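The lines below spell out each chain.
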Amino acid sequence: MADTFPQVSYIVASFLFILSLKGLSQPETSRRGNLLGTIGMAIAIVVTAVSLFLRGAGTAALPSPSSTALLAGAIAVGCAIGAVLAARVAMTQMPELVAILHSFVGAAAVLVGIVTKIHSAGSDAAHELEIAIGVAVGAVTFSGSVVAFLKLRGSVSGRPLLLPGRHAANLALAASCVALTAVMLTAPEPGIGLLALLGITALALVLGVHLVAAIGGGDMPVVVSMLNSYSGWAAAAAGFMLSNDLLIITGALVGASGAILSYIMCVAMNRSIVSVIFGGFGAEVKAVGAPKASAGTARETNIREVADLLTASKNVVVVPGYGMAVAQAQHVVREITDALAERGVHVRYAIHPVAGRLPGHMNVLLAEAGVSYEIVKEMDEVNDDLPGTDVVLVIGANDIVNPSAQDDPGSPIYGMPVLEVWKAGRVVMLKRSLAAGYAGIDNPLCYRENTLMLFGDAKHSVSQLLAAVRER
Amino acid sequence: MRGLFRASGRGHGVADESLGIQQQDKPARTAATGRLTVGIPKEIHPGECRVAAVPRTVPRLLKLGYDVVVETGAGAAAAFMDPAYVEAGARIAPDARALWAEADLVLKVRAPERNEALQAHEADLLKEGARIISFLWPGQHRDLVEHLARRKATVLAMDAVPRITRAQKLDALSAMANIAGYRAIIEAASVYGRFLGGQITAAGRVRPATVLVIGAGVAGLSAVSAASALGAIVKAFDTREAVREQVESLGAQFVTFQFDEKGEGEGGYAKQMSDAFLAAEQEFIAGHAKDADIVVTTALIPGQPAPKLVTSGAVVSMRPGSVIVDLAAEWGGNCALTERDAIVLRYGVTIIGLTDLTSRLARQASEMYATTVANLLDDMTKDGTFTLDLHDEIQRGVLVLNEGDLMWPPPKPEVRAGAPQPAPPQPVVRAAKPPRSPWPARVALCVAAAALALLGVYAPPALVPHLTVFLLACVVGWHVVWNVTPALHTPLMSVTNAISGIIVIGGMLLTAGPRVGLGSALAAIAVLVASINIAGGFLVTHRMLKMFRK
């Protein structure tokens, strides 16, 4: 019973985790989903703790009081830190939090692998192989996530680090890991095997740093999703080395989830998934032919004109970009759209999949500002309606509304799905200046005849706009 | 004065010479301040109510560095009175002769013509070597161009603004076409004896009028928009498929017909078609006109007489009481029975051939025209002086005479704009992807098969159930996560963060043992970080999800 009982409980926990992800499919059921996940986790932890004592009861394997205290202390301190982080983090910093949490999973996988190796001197080759893989994946996840975290925080430059011969270097690192694994499997003494494992850890850490450092700051949504996936695979690998199905199932769920998010992000940015995995794909931008120079004059407008335009419209779509979040303008924007809605204007928000720094980031920021999720629409839902829209308000977004993606084969973003805002009656772009966007590409939308430019800091502009709309 | 007028390009010597003459008969005030005088005469064409500057644009001209003189009563027909101009900073000239004598730069709406009251042609009233900006139609008015050339005038034609995106704010023709299209519906509505919109009243049901707009250019689209606003059922006909989207976006039905000829010509205007095409077009239009209550025709081909799209047969087939507004009346008319500047009743159908529709909305038309003229002057004024840049496509385009030298027509522009908005008829298709090579998939399949074979041979039996669980879990995860709405992708990530903290179990199993050593210490660190994940992930997800509200 001592062995069967935890196994059965793990089935329940796995099932709850699956239901938890299922619950997230709709906002209505999402909170219940989160609750189910929490219950699953609680069951898993409690059952594991209880089984430790049940199994060890009456034998030498019974946990000593000091190790029990250590365990309880670790859990308590970890939960306390986690709770503080969760309560304090600003919604704009979600990408950083997610990245650092990935690194924790990676670190845990590495530690579990090494300790397993210490405990299991001279086990069979398959088990040794599982340990090696688990540690390697964990280490890549850990160091990659730390670099991603630092890039997102701005502690290190977002620019891709493109070393000469970086693919060869990656290959060499990976090959060395394989070689060390072979050493580990065939090591006559456990000590040498452990050293080999530590060597694998070090090499994999370097590999993780190098892979993520080669990716540009603008492509962070893909990187974070990739690391999400890696952290899942690391957990699954730990499951294999501990022969624990709950870890395997959970790791596979997370791995699949991260893989899907990465795929969605890649499609949204028109990147190939392979080039993301191997890093340095920001370099493609330069390889493509010179984009068309877009000549023309941008027509500048003013607050009053925009307020007139908005209040006289029937259909308004707001396209927020990361620039809006940076300027912390989402609350004021929500007030503007509320004021418009009160006048009977049909207002919606259109979100491009890569509008934030994380998949779905912009939705969270808008939700935080109090925008109802029912008027927040995805790109595909809105694109068909744009021709019938009177005014599109583009706030702090650039590349995601760039018509070059559809009509300029020379453009680096050609083929990327974009919000076709130029099909609307009028486009008002709130922008700091005519400078190019994140990808460094000029935006011909600024020069379209139905585009009006409202220059200035987004926060300042929208505040004035709110006052002007309320006066009307 | 010397150096005030710099013409880059040819005619430089002439410029200096003519300016020398100007300086002698310049009024003292202007000579002293060194500013050019912009003159706004009253339009003398019969029925013309528009004016080339309005009180709102006067300060802009002053700011550019010009003095502004307005002939008394110049804006009266458009309800812009002299005091308003004075308040805006302009001076009032007592009569036409005084104004023309003073102005270095004349802004007009209509091309110069003979002033019967003064027994003099406006071209002769213009100071020698002075500048004039107006609608001119140089192609149709060769005599006038020669006349102005003899006066050594610099002439800029507002009708010659190139149709490129950058010149949009100078496009006086589009502005006027917009007004004409709107007014066409107003004129039609005033003689059409019924409501345009449908109603259900106690006195019976009123069916909405059907409006057919022929030609979906600026004027046509404006008519479409005005007619839909009044509640009519609107159909718009055009041979250019590219305008379909614009018509439909205004709530009208787009009708077109297939024929083996492209309707799109140079510079975004429709081009002339073959006879067979015209016949087919006439027949098609007659079919639609039969059911229409109001027909607005706007078809024009630059430099050609207007195509006769509505035949007398088509007029006969229309219901009595119907109305045709022919916006091409000035160029011969799109309807065979149109009479220029007249409203006639033929076979029970009222045919409006007015050519002064813009003048009938004089306030609006003056304001828009004056703005385009001020925009042009804005481009042509550098540091307070009037400066022509012959390398600028727009300035070169509008220049008809430079110091009396014929500059028209300009060399062919290279840029081509789609009409009336440069919406490239780009297929909606995304980047054409080359067909995917089947090889990567095949290779992957082989690799997977080889790996499974190796597993089958070498793997310990205990691994197989775990592998089964792993692969099934991947499939389940793949399906469950695809259903997650993109709006919740960030909470999804934080939840997966939390549940991947399940690795805490591995740490727990390794921490709790009979002894505390290096191994359990390391494992305790694993437990600690995994716990951060669990608590942090679930709590932050909860915090986020609470924000999502209807």
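All chains use their own residue numbering, which begins from 1 and follows the written sequence. Each chain gets a letter, beginning with A, and each ligand a number, beginning with 1, in the order they are written. Reporting of local features is limited, given that this is a predicted model, to residues whose pLDDT is at least 70; pairs of side-chain atoms are given and counted only at 80 or more, and all residues count toward the totals for whole chains, interfaces and linings. The side-chain numbers reported here are obtained from all heavy atoms of the structure, hydrogens and water having been left aside.

Turning our attention to the overall build of chain A. The number of helices and strands found in chain A is 18 helices and 7 strands. Burial analysis of chain A (472 residues in total) assigns 58% to the buried set. Contacts are assigned to residue pairs that have any heavy atoms within 4.5 Å of one another. In chain A, of all internal contacts separated by at least 6 residues, the share reaching a separation of at least 24 is 77%. Only the protein chains shown count as cover for residues, with accessible areas throughout obtained via the Shrake-Rupley method and a probe of 1.4 Å. Accessible area for chain A stands at about 17,700 Å²; split by element, carbon and sulfur atoms hold 64% of it. To qualify as a helix, a DSSP run of H or I must reach at least 4 residues; to qualify as a strand, a run of E must reach at least 2; elements of each kind are numbered from the N terminus. For every residue, the accessible area obtained with a 1.4 Å probe (protein chains only) is divided by the maximum for its type, and the residue is called buried under 20%, exposed over 50%, and partly exposed between those limits.

Assigned secondary structure in chain B consists of 19 helices and 22 strands. Residues classed as buried in chain B amount to 52% of the 550 residues present. The contacts of chain B with a sequence gap of at least 6 include a subset with a gap of at least 24, amounting to 69%. Of the roughly 24,000 Å² of accessible surface on chain B, 58% is carried by carbon and sulfur atoms.

What follows deals with the packing of aromatic side chains. Geometry of aromatic contacts follows a simple scheme: Phe, Tyr and Trp rings, the Trp one being its six-membered ring, pair when their centres are within 6.5 Å, and the pair is stacked under 30 degrees between planes, edge-to-face over 60, tilted otherwise. Inspection of every chain in the model, using the stated rule, returns 7 aromatic pairs over all chains. The interplanar angle of 65° and the centroid separation of 5.5 Å between the aromatic rings of Phe240(A) and Phe470(B) together place this pair among those described as edge-to-face. One end of the pair, Phe240(A), is in helix α8 (residues 220-242); the other, Phe470(B), is in helix α16 (residues 463-482), on a second chain. Classification of Phe240(A) by relative accessible area gives buried; the value is 11%. Geometrically, the ring pair formed by Trp137(B) and Trp331(B) is edge-to-face, given 5.3 Å between the ring centres and 70° between the ring planes. Of the two residues, Trp137(B) sits in the loop between β8 (131-134) and α7 (142-150) while Trp331(B) sits in the loop between β16 (323-326) and β17 (343-346), which places them 194 residues apart along the sequence. With a relative accessible area of 29%, Trp137(B) lands in the partly exposed category. A connected cluster of aromatic rings, assembled from ring pairs, spans Trp233(A), Phe240(A) and Phe470(B).

Size of an interface, as often reported, equals the accessible area lost when the parts are brought together. In this assembly, 118 residues from chain A lie in contact with 92 residues from chain B. Accessible area that two parts lose when put together, with a 1.4 Å probe and added across both, is what the buried area reports. A combined buried area of about 9,300 Å² lies between chain A and chain B, and 76% of that area is made up of carbon and sulfur atoms. Summed over the three residues of chain A that lose the most area to chain B, namely Leu24(A), Ile260(A) and Glu449(A), the buried surface amounts to 7% of that side. The term salt bridge refers to a pairing of a side-chain nitrogen on Lys or Arg with a carboxyl oxygen on Asp or Glu at a separation within 4 Å. Run the count over chain A and chain B and you get 0 salt bridges. Polar contacts, as counted here, are pairs of nitrogen or oxygen atoms within 3.5 Å of one another; within protein the pair requires one atom able to donate a hydrogen and one able to accept it, and residues that are adjacent in sequence qualify only if both atoms are side-chain atoms. In this structure, the connection of chain A to chain B is made through 14 residue pairs in polar contact (both at pLDDT 80 or more).

With that out of the way, let us pick up the pairing of strand β3 (residues 346-351) of chain A. Among the 6 residues in β3(A), 5 count as buried, and that is most of the element. The crossover handedness rule: strands pointing away from the viewer, path from first strand over the helix to second strand clockwise, crossover right-handed. In this region the chain leaves β3(A), passes through helix α15 (residues 361-368) of chain A and returns to the parallel neighbour strand β4 (residues 376-378) of chain A; the handedness of that crossover is right-handed.

Looking now at a nonpolar patch on the surface. The patches reported here contain residues having more than 30% relative accessible area and no salt bridge. Joining distances are 9 Å for like charges and 5 Å for nonpolar side chains (Val, Leu, Ile, Met, Phe, Trp, Tyr). A cluster of nonpolar side chains, contributed by Tyr263(A), Val267(A), Ile273(A), Val274(A), Trp478(B) and Trp482(B), occupies part of the molecular surface with about 550 Å² of accessible area. Elements with a minimum of two residues in the nonpolar patch: α9 (245-269) and α10 (273-277) of chain A together with α16 of chain B. Relative to the elements of secondary structure, Trp478(B) occurs in helix α16. Residue class for Trp478(B) comes out partly exposed when judged on its relative accessible area of 38%.

The term nonpolar core refers to a set of buried residues drawn from Ala, Val, Leu, Ile, Met, Phe, Trp, Tyr and Cys, joined through side-chain atoms within 4.5 Å. Met94(A), Val319(A), Leu393(A), Ile395(A), Val401(A), Val421(A) and Leu465(A) are the most contacted members of the largest nonpolar core, which totals 179 residues. In this view, Met94(A) contacts Val89(A), Leu358(A), His361(A), Thr490(B), Ser494(B), Val540(B) and Met544(B); residues no more than four positions away in its chain are not counted. Within the second largest apolar cluster, 51 residues are counted, among which are Val51(B), Phe80(B), Tyr85(B) and Ala370(B).

All names here are of chain A. A pair of strands is treated as paired once DSSP finds two or more bridges between them. Pairing in this open sheet of 7 strands is parallel, and the strands run β1-β7-β6-β5-β2-β3-β4 from one edge to the other. Every other strand in the sheet has two partners, leaving β1 (299-300) and β4 as the edge strands with one partner each. Where strand β6 (residues 426-431) meets strand β7 (residues 451-455), 5 bridges bridge the pair, whose relative direction is parallel. The residue of β7 that forms the bridge with Lys431 is Phe455. Convention adopted: a line fitted to C-alpha atoms gives each axis, helices being fitted over their contacting stretch, and angles between N-to-C directions are expressed from 0 to 180 degrees. Across the sheet, α15 touches β2 (315-320), β3 and β4, and the angle it forms with β3 is around 145°.

This part covers the side chain of Ser30(A). Looking at where Ser30(A) falls in the secondary structure, it is placed in helix α2 (residues 27-56). Under the relative-accessibility criterion, Ser30(A) is labelled buried at 1%. When sequence neighbours within four positions are dropped, the list of residues in contact with Ser30(A) reads Gly23(A), Leu24(A), Leu488(B) and Leu545(B).

So, on to the sheet that holds strand β21 (residues 399-402) of chain B. All names here are of chain B. Read from one edge of the open sheet, 8 strands run β4-β3-β2-β5-β8-β9-β21-β22, paired in mixed fashion. Looking at strand neighbours, the two that pair on one side only are β4 (91-93) and β22 (405-406), the edges of this open sheet. In the packing of α7 onto the sheet, the strands contacted are β9 (154-157), β21 and β22, and the crossing angle to β21 comes to about 35°. Here helix α13 (residues 362-380) sits on the sheet and contacts β3 (66-71), β5 (105-107), β8 and β9; the angle it forms with β8, its principal contact strand, is near 140°.

In terms of burial, helix α17 (residues 489-499) of chain B is a largely internal element, 11 of the 11 residues being buried. All of the buried residues in α17(B) are His489(B), Thr490(B), Pro491(B), Leu492(B), Met493(B), Ser494(B), Val495(B), Thr496(B), Asn497(B), Ala498(B) and Ile499(B).

Residues and elements named next belong to chain B. Cis geometry is found at the peptide bond from Trp408 to Pro409, where omega equals -5°. Even without glycine at this site, Ala79 takes up a positive phi of about 65°. Position of Ala79 among the secondary structure elements: in the loop between β3 and α4 (82-88). The partly exposed category is assigned to Ala79, whose relative accessible area is 40%. Positioned with a positive phi, Asp383 is a non-glycine residue whose angle comes to about 50°. Within the fold, Asp383 resides in the loop between β19 (381-382) and β20 (385-388). Overall, the relative accessible area of 80% leaves Asp383 in the exposed class.

Now for the environment of Val222(A). By secondary structure assignment, the location of Val222(A) is in helix α8. Separated by 46 residues in the primary sequence, Val222(A) and Ala268(A) place their C-alpha atoms 9.8 Å from one another.

On to the environment of Lys117(A), then. Structurally, Lys117(A) can be placed in helix α4 (residues 94-119). Lys117(A) sits 74 residues away from Gly191(A) along the chain, and the two C-alpha atoms are 9.9 Å apart.

To continue, consider the pattern of salt bridges. Per the stated rule, a full pass over the model turns up 28 salt bridges over all chains. One salt bridge in this structure joins Arg334(A) and Asp338(A), with 2.9 Å as the shortest N-O distance. Here the residue Arg334(A) and the residue Asp338(A) both occupy positions in helix α14 (residues 330-342), the gap between them amounting to 4 residues, near one helical turn. The partner of Asp293(B) in a salt bridge is Arg319(B), and the shortest N-O contact between them spans 3.1 Å. Note that Asp293(B) is positioned in the loop between α11 (275-289) and β15 (294-297) and Arg319(B) in the loop between α12 (312-317) and β16, a separation of 26 residues in sequence. With a relative accessible area of 3%, Asp293(B) lands in the buried category. Given a relative accessible area of 34%, Arg319(B) falls into the partly exposed group. Members of the salt-bridge network, linked through shared partners, are Arg183(B), Glu187(B), Asp356(B) and Arg360(B).

This paragraph deals with the confidence of the model for chain B. Residues and elements named next belong to chain B. The pLDDT averaged across chain B works out to 84; a share of 86% of its residues lies at or above 70. Per-element confidence in chain B is highest for β16, whose mean pLDDT is 96, and lowest for helix α1 (residues 12-24), whose mean pLDDT is 39. With pLDDT under 50 throughout, residues 1-32 is counted as low confidence; its partners more than four residues away or in other chains account for 56 contacts. A low-confidence stretch, residues 414-433 (pLDDT under 50), is modelled with 41 contacts involving residues beyond four sequence positions or located in other chains. Each residue gets a pLDDT score, which is the predictor's confidence in that residue and runs from 0 to 100.

Bringing the side chain of Ser222(B) into the picture now. Residue and element names in this part refer to chain B. Positionally, Ser222 belongs in helix α9 (residues 218-229). Using a relative accessible area of 10% as the deciding quantity, one classes Ser222 as buried. A distance of 3.2 Å separates a polar side-chain atom of Ser222 from the backbone nitrogen of Tyr182. Setting aside anything within four residues of it in sequence, one finds Ser222 in contact with Asn178, Gly181 and Tyr182.

All names here are of chain A. The geometry of helix α5 (residues 125-153) relative to α8 is characterised by a closest axis approach of 8 Å and an angle of 155° between their N-to-C directions. If you check the angle between α5 and α8, you find them roughly antiparallel. Judged by the twist between their axes, the crossing of α5 over α8 is left-handed. Put simply, Ala, Val, Leu, Ile, Met, Phe, Trp, Tyr, Cys and Pro go in the nonpolar bin, Asp, Glu, Lys and Arg in the charged bin, and everything else, Gly too, in the polar bin. Within the contact of α5 with α8, the residues separate by chemical class into 16 nonpolar, 7 polar and 2 charged. Reported orientations rely on four angle classes, namely roughly parallel under 35 degrees, roughly antiparallel over 145, roughly perpendicular from 65 to 115, and oblique for the rest. In this scheme, a crossing is called left-handed if the near helix is turned counterclockwise away from the far one by less than a right angle; it is called right-handed if the turn is clockwise.

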